[in-house]
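Tertiary structure, described
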Amino acid sequence: MKVKYIKTHTDEFGDVFQPGWVAEHTDAEGARRVALGVCVEVDPGARAFKYQPDAELSIETCVTEDEAAPSPFQNSPPLVVASKSKK
Amino acid sequence: MAQTVGTVLAKNMKMYFGATAITCQVDVSLSGSSNLFETTCKDSGANASFLPGTKSWTASGSANFADDATLGFNTATTGIFDKWDDQASIAIVFQTAATGDTKWSGTAYVSSWTLNSSGNDEAVTYDFELQGTGPLSMAIIS
């Protein structure tokens, strides 16, 4: 689970997280920290970076078929294989 | 996310330092070995015989480098460089994020690392090798 910290938090391993930072934890651990009120769940595609608290998250999204650029061969006429005539 | 059904997708299996996944991992692996000592003697038949001695394990990985990674190569105190420089141990876990899946955990030291800036249109990456110390435990993520 990706979470964004809203409060400064030091975990049991001594790792310190500042407000705005995005980190990935296991689902159970993330849920536990959300319940503690130190972070909120964010899009799983968000990159785990040290953002400023009000910064927009960098999120990788898949390109849908509508948005995908057409293949250079998509509108080309079908290939025709000419057979050699026997002389 | 509940226990994974069927083959686990590599994208979901990551290395964690403490409770946090390394940012932008590319490849990670975990391997174990046993030092087998030979017990073949003149009383043996035609077959060599061995017994297991000490067990050991290592972990390795690579990731894309980002200066502002939450847990990356240059992260103060917890990153690969500082762990190597301080000769400090790392509590590592190799797991998916899903409750009910299997995890492997233990303590390791950084035995080597490489920071790579290869070519022109490539991401800067780093590789690392970790030498496990003590047992490697297998458990269920709860």
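Residues numbered from 1 in each chain as written. Chains lettered and ligands numbered in written order. Predicted model: local features only at pLDDT ≥ 70, side-chain atom pairs only at ≥ 80, totals over all residues.

1. With respect to the overall build of chain B
Put simply, the rule is: Note on conventions: DSSP H or I runs of at least 4 residues are helices, E runs of at least 2 residues are strands, and numbering of each starts at the N terminus. The atom set for the radius of gyration is the C-alpha atoms, and the globule formula is 2.2 Å times the number of residues raised to the power 0.38. Counting other C-beta atoms within 10 Å of its own, a residue is labelled buried from 20 upward, exposed at 12 or fewer, and partly exposed in the gap between, with every C-beta atom placed from the backbone. In this description, a residue-residue contact is defined by the distance between C-beta atoms placed from the backbone, which must lie within 7 Å.
Check the secondary structure of chain B and you find 1 helix and 7 strands. From first element to last, N terminus to C terminus, chain B shows the α and β order β-β-β-β-α-β-β-β. For chain B, whose C-alpha radius of gyration is 19 Å, the value lies well above the compact-globule estimate of 14 Å for 142 residues. By principal-axis analysis of the C-alpha atoms, chain B measures approximately 65 × 35 × 30 Å. Taken over 142 residues, chain B has a buried fraction of 27%. Across chain B, contacts joining residues at least 24 apart in sequence account for 62% of those joining residues at least 6 apart.

2. Here we look at the overall build of chain A
Scanning chain A for helices and strands turns up 1 helix and 5 strands. Counting from the amino terminus, helix and strand elements in chain A follow one another as β-β-β-β-α-β.

3. Topic: the interface of chain B and chain A
Each partner contributes to the interface: chain B provides 20 residues, whereas chain A provides 17 residues. Listing elements by their share of the side of chain B that touches chain A, those giving two or more residues are β2 (20-21) and β5 (90-95) of chain B.

4. Side note on helix α1 (residues 27-36) of chain A
Residue and element names in this part refer to chain A. Put simply, the rule is: By definition, the arc is the one covered by directions from the helix axis to the C-beta atoms.
Burial in α1 covers these residues: E29, G30 and R33. The buried residues of α1 occupy an angular sector of 100 degrees when projected down its axis, which confines them to one face. Among the structural elements, β1 (2-5) and β5 (39-41) are those in contact with the buried residues of α1.

5. Points about unusual backbone geometry
Negative phi characterises most residues that are not glycine, and trans characterises most peptide bonds. All names here are of chain B. Although it is not a glycine, C24 sits at a positive phi angle of roughly 55 degrees. Here T77, not a glycine, exhibits a phi torsion of approximately 70 degrees, which is positive. Position of T77 relative to the elements: it lies in the loop between β4 (50-64) and α1 (80-85). Its 11 C-beta neighbours within 10 Å are what place T77 among the exposed residues.

6. Notes on the environment of A21 of chain B
Mapping A21 of chain B onto the fold places it in strand β2. You can call A21 of chain B buried: it has 24 C-beta atoms within 10 Å. The spatial distance from the C-alpha of A21 of chain B to the C-alpha of G72 of chain B is 9.4 Å, given a sequence separation of 51 residues. With residues up to four places along the chain from it excluded, the contact list for A21 of chain B reads E24 of chain A together with K14 and Y16 of chain B.

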